[in-house]
Amino acid sequence: MQLEGASPAESVVSAVLSSWTADPWILGGLILTGWIYLVGWQRLNRRVPGRYGSGQAACFFSGLLLLALAVSSPLDAFGTLSLSVHMTQHLLLMMIVPPLVWLGAPALPLMHGLPTSLVRHGLGPFVASPLVQRCAAFLGRPLVCWLAFLLSTWIWHVPFLYELALRSPFWHSAEHVTFLITGLMFWWPVVQPWPARPLSSPWIVVVYLISADLLNTVFSALFTFADHVIYPSYALAPQLLSGTALDDQSRAGVIMWVPGSLIFLAPLGVLVVRALDPAAARAREAASRAALTAAGADSQWPEQASTSRRVKQRFDLLKVPMLAWVGKRWVRTVVQAVAFLLALGVVLDGFLGPDLSPINLAGVLPWTWARALMVFGLVLFGAALCWACPFTAARRLAERFLGARFEWPRALRSKWLAVGLTVLFLWAYEAAALWDRPGWTAALVLGYFVAAFVVDGLFRGAAFCKWVCPLGQFQFVCSAISPFEVGVRKPSTCESCSSHDCLRGNEHRAGCSLDLFLPEKKSSLDCTFCMDCVEACPHDNAGVLLTVPGSTLIDDPPRSSIGRLSKRTDLAVLALVLVWGGALNAAAMVGPVQNLFERFAEGLGLSLAPEALAGAGVVCAVGVLLALTAGVGFFSRSQLGFCRLAWALVPLGFAMWLAHFAMHFVTGWSAVGPALSRVLRSSGMDGVMGGGGVPGMSHAMALPEGFLTLQILALNLGLLLSLYLGWRIVDAGQGRFRQTLGGVLPFGVLALGLWLLDVWVLFQPMQMRGTMGMG
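Conventions used here
- Within every chain, residues take consecutive numbers counted from 1 along the sequence as written.
- Only residues with pLDDT of at least 70 get local features here, since the model is predicted, and only at 80 or more are side-chain atom pairs given and counted; chain-wide, interface and lining totals rely on the full set of residues.
- Only hydrogens and water are set aside; all other atoms, that is, all heavy atoms of the structure, feed into the side-chain values.
- Strands here are runs of E lasting at least two residues and helices are runs of H or I lasting at least four, both read from the DSSP assignment and numbered beginning at the N terminus.
- Only protein chains enter the calculation, and the probe is 1.4 Å; a residue is then buried if its accessible area is under 20% of its type maximum, exposed if over 50%, and partly exposed in between.
- Between two residues, a contact is recorded if the distance between any of their heavy atoms is within 4.5 Å.
- The accessible surface values rely on the Shrake-Rupley method and a 1.4 Å probe; as for residues, cover is taken only from the protein chains in view.
- Whether two strands pair depends on DSSP finding at least two bridges between them.
- To estimate how far a helix should extend, the number of its residues minus one is multiplied by 1.5 Å.
- Angles here are taken between N-to-C directions and fall from 0 to 180 degrees, while the axes themselves are lines fitted to C-alpha atoms, restricted in helices to the stretch in contact.
- Here the angle decides the label: under 35 degrees means roughly parallel, over 145 means roughly antiparallel, 65 to 115 means roughly perpendicular, and every other value means oblique.
- Crossing handedness: left-handed means the near helix sits turned counterclockwise from the far one by under a right angle, and right-handed means the same turn made clockwise.
- Each residue gets one label: Ala, Val, Leu, Ile, Met, Phe, Trp, Tyr, Cys and Pro are nonpolar, Asp, Glu, Lys and Arg are charged, and the others, such as Gly, are polar.
- Polar contact is the term for a pair of N or O atoms within 3.5 Å; when the atoms are in protein, one must be able to donate a hydrogen and the other to accept it, and sequence-neighboring residues count only if both atoms are side-chain atoms.
- Salt bridges are defined by distance alone: a side-chain nitrogen of Lys or Arg within 4 Å of a carboxyl oxygen of Asp or Glu.
- For every residue, the predictor states its confidence as a pLDDT score lying anywhere from 0 to 100.
- Nine residue types can take part in a nonpolar core, namely buried Ala, Val, Leu, Ile, Met, Phe, Trp, Tyr and Cys, and a core is a set of them joined through side-chain atoms within 4.5 Å.
- Each Phe, Tyr or Trp ring, with Trp reduced to its six-membered ring, pairs with another whose centre is within 6.5 Å; inter-plane angles below 30 degrees give stacked pairs, above 60 give edge-to-face pairs, and intermediate values give tilted ones.

Caption draft 1: Spatial organisation of the overall build of the protein chain. Across its full length, the protein chain carries 34 helices and two strands. Within the span of the protein chain, comprising 775 residues, buried residues form 50% of the whole. Taking all contacts inside the protein chain whose residues are at least 6 apart in sequence as the whole, residues at least 24 apart take part in 79%. For the protein chain, the exposed area adds up to about 36,500 Å²; of that, 68% sits on carbon and sulfur atoms.

Structural data, given as structure tokens:
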């Protein structure tokens, strides 16, 4: 019914606002539950105030309040008119209310709030019966809870059942009850409300949440990117918000996607910190025993058998028969020779071939293939690009012909020159549109060869790799989160070694050119994976060892040839340039950012080409974000917070480089075929046909379904690892939760802001640089 003098939209809003459904059964049940909990909580608060404080009560009553809001407020009425409102209701019932309820640890307060006779003679024996215990144990298994949550989410959103719930009040209520019950099941293994028995391994919950987040991303993406309205009822309903029903459906997907991912990721940091702190776990177990005894509950707790664990030797990649060739010098020489020939082909084709990037080797190999293989190698191995680097051949030739007689100048023995060159490269990539100018790319590659030849021909110690090369710096920084590092198999063997051949070399093999003493090498910083130390070791005690990604960043020991990270501002700035550069390099490809650069230039009265605007914008933004990060480090609980916390952002920064370069590879990898075919046929533009383009020209391939999900998953994992590293760095082994939380909070806000920027960029259409099209 439309109100007189009111527009249709106003009538709808007025009707909805007057449709609070104060169902006496629902509200009465919630009030009664809250009263019983309050009575029991007061009794337990007197007995065990440390276990049942105001925090538990606040969580439980917040859960009840939000539950009432979800099912009795105008949200319920709006949900029949707007899918985005329904998704908000879905989020409350499945992802917000259940964890809040469990954080209130309601089992004992509800038991203590009921009459004693009822508990002793009725509810108690029923709950303790073997059948109920077996059913509860089965329903509490992580796999059962995970499947129940997954099935309820997907099944109820099948169009037929969803439309049925919209039409039928009974099925609408059944949908809500299913959401709430499966939500409570899902969050039970995560929260493990006291006095529930802990899971056998906390790492189960880490996998549990990550897999749930991945499926939630898939689920949300279906709504966000659908090209039609999935539920016909919403297409016919009046639109309460701006836009069409399809726009509202996209909003619904984003509501489930971004807040949903944050809700899944939030407990991961806490769980990982707890899992890696066994002393705190034992203290919590002892406190739980004491609290159970004080509460008058069953204090029996499963004993954790203390078993002695053998110290296992780290996995060595070179001990795997099929992979031992990685450490052979002749293999590296062959790979580097092939890379050198490809680089030579890039230079020749860039100068002599067509000035069209998609069909020129200089447009395809460096910007589509080499960058992708570089980040894939870091994920799977380590500094793989350094291992296969074609410029190494130039270094060896230079050392032979020019002698490498000088030491690198003391004034330049820092990363400041590399920082400047990296920023210059980020600017030039945008300002000169290198991805679209094969000739400029060829000049860059040739310049690289010349610089490597001159620097390494004059100076000893692989000076170009260590102090100059921007690509090498990218490898050094990002290899901190790689799964392998060159290290010693048995430190005790090194203690009895006096020759130090891994550093000095011997008559058979050269030692480390970068002056890294293997027993004191604590990470892959400045390591080019040349394997000279591996082959020079007379005790066969060096290898490519498995390591936990990021673990070498937690502590701050002296590092061979580097020192302490807390005293290396130049390394911290280099890491941050690469972290923020990854986000800004991708952001410069999207329309909204390009428009922002143009408006900013117009405001300053500047007339610049779009590429120059992008280059200047990236450099300015890097400077501003460096200053912001320095401020965060200053406010963190560490005098040297900037130098240490800069490294904690590396996982998230690298995740964006990975997502970005992988996108270019997936959409443009096939371009190498036509480019190579053209080179083999001729060196000119013979194949150009009027109006038809170039035969064999590679157009941008569509991103495969689910690829964005994988990109978001990479960012989620990067954010999780960055938050964990930030926590461990600020905590510094002190175990003071409140002080650590206060110190890490500014860093967490900064990391979350970077994650949101990265996610936003991935949602925008991007230029398919090096191919013909947009994505």
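Next comes the rest of the account.
Caption draft 2: Representation of unusual backbone geometry. With a phi angle near 50°, Ala404 is a residue other than glycine that sits in the positive phi range. Here Ala404 shows up in the loop between helix H19 (391-402) and helix H20 (416-431). You will see that His500, though not glycine, has its phi angle at about 50°, which is positive. Mapped onto the elements of the fold, His500 is located in the loop between helix H24 (491-495) and helix H25 (501-504). Owing to a relative accessible area of 24%, His500 belongs among the partly exposed residues under this scheme.

Caption draft 3: Highlighting the pairing of strand S2 (residues 542-546). In terms of burial, S2 is a largely internal element, four of the five residues being buried. As paired elements, strand S1 (residues 484-488) and S2 share five bridges and run antiparallel to each other. What sits directly across from Glu485, in S2, is Leu545.

Caption draft 4: Geometry of the environment of Gln473. Mapped onto the secondary structure, Gln473 falls in helix H23 (residues 470-478). A sequence separation of 52 residues divides Gln473 from Leu525, and the C-alpha atoms of the two residues are 8.6 Å apart. Those residues in contact with Gln473, other than ones at most four positions away along the chain, are Lys415, Ala418, Cys465, Lys466, Trp467, Val468, Leu574 and Leu578.

Caption draft 5: Focus on the pairing of S1. Among the five residues that make up S1, five are buried, leaving the element largely enclosed by the rest of the structure. On S1, burial covers both faces: Phe484, Val486 and Val488 on one face and Glu485 and Gly487 on the other are all buried.

Caption draft 6: Main features of helix H21 (residues 438-458). Relative to the 30 Å expected for 21 residues at 1.5 Å per residue, H21 spans 30 Å between its end C-alpha atoms, a close match to the ideal helical length. For H21, the full list of buried residues reads Pro438, Thr441, Ala442, Val445, Tyr448, Phe449, Ala452, Val455, Asp456 and Gly457. Lining the buried residues of H21 we find helix H16 (329-352), helix H17 (361-380), H19, helix H22 (463-468) and H23.

Caption draft 7: Structural view of the packing of H17 against helix H32 (residues 672-681). Between H17 and H32, the least distance of the axes is 9 Å, while the angle of their chain directions is 150°. Taken together, the axes of H17 and H32 are roughly antiparallel relative to one another. Seen along the crossing, H17 lies across H32 with a hand that is left-handed. Mapping the contact onto sequence places Leu361, Val364, Leu365 and Trp369 in H17 and Val672, Ala675, Leu676, Arg678 and Val679 in H32. Partitioned by chemical class, the residues of the contact of H17 with H32 number eight nonpolar, no polar and one charged.

Caption draft 8: Quick look at the side chain of Thr368. For Thr368, the location among the structural elements is in helix H17. With residues up to four places along the chain from it excluded, the contact list for Thr368 reads Gly363, His664, Phe665, Gly668 and Trp669.

Caption draft 9: Looking closely at the side chain of Asp570. Among the secondary structure elements, Asp570 is positioned in helix H27 (residues 569-587). Within the local environment of Asp570, its side chain forms a polar contact with the backbone nitrogen of Lys415, the two atoms lying 2.8 Å apart. The contact partners of Asp570, leaving out residues within four places of it in the chain, are Ser414, Lys415, Trp416 and Val419.

Caption draft 10: Region of interest: the pattern of salt bridges. This model, assessed by the stated rule, comprises eleven salt bridges. Close ionic contact of Arg332 with Asp532 constitutes a salt bridge, the shortest N to O distance being 3.5 Å. Of this pair, Arg332 sits in helix H16 while Asp532 sits in helix H26 (residues 532-536), and the two are 200 residues apart along the sequence. Across the pair, exposure class does not vary: Arg332 and Asp532 are buried alike. A salt bridge links Arg568 to Asp570; its shortest N-O distance comes to 2.8 Å. The buried category is assigned to Asp570, whose relative accessible area is 5%. Connected via shared salt-bridge partners are Asp316, Lys319, Arg489 and Asp540.

Caption draft 11: Expanded view of the confidence of the model for the protein chain. For the protein chain, per-residue confidence averages 78 on the pLDDT scale, and residues scoring 70 or more make up 77% of the total. Residue range residues 684-696 is modelled with pLDDT below 50. Its contacts to residues more than four positions away, or to other chains, number 16 contacts.

Caption draft 12: View of the nonpolar core. Among the nonpolar cores identified, the biggest contains 156 residues, and Phe186, Leu209, Phe529, Met531 and Trp647 are the most heavily contacted of them. Here this core gets 13 residues from one element, more than from any other, and that element is H27.

Caption draft 13: Expanded view of the packing of aromatic side chains. In the structure shown here, the tally under the stated rule is 35 aromatic pairs. Between Phe170 and Trp171, the aromatic rings sit 5.1 Å apart at their centres with planes inclined by 80°, giving edge-to-face as the arrangement. Judged by relative accessible area, Phe170 falls into the exposed class, the value being 59%. A relative accessible area of 36% places Trp171 in the partly exposed class. Centroid distance Trp408 to Phe459: 5.1 Å. Interplanar angle 75°. Geometry classified as edge-to-face.

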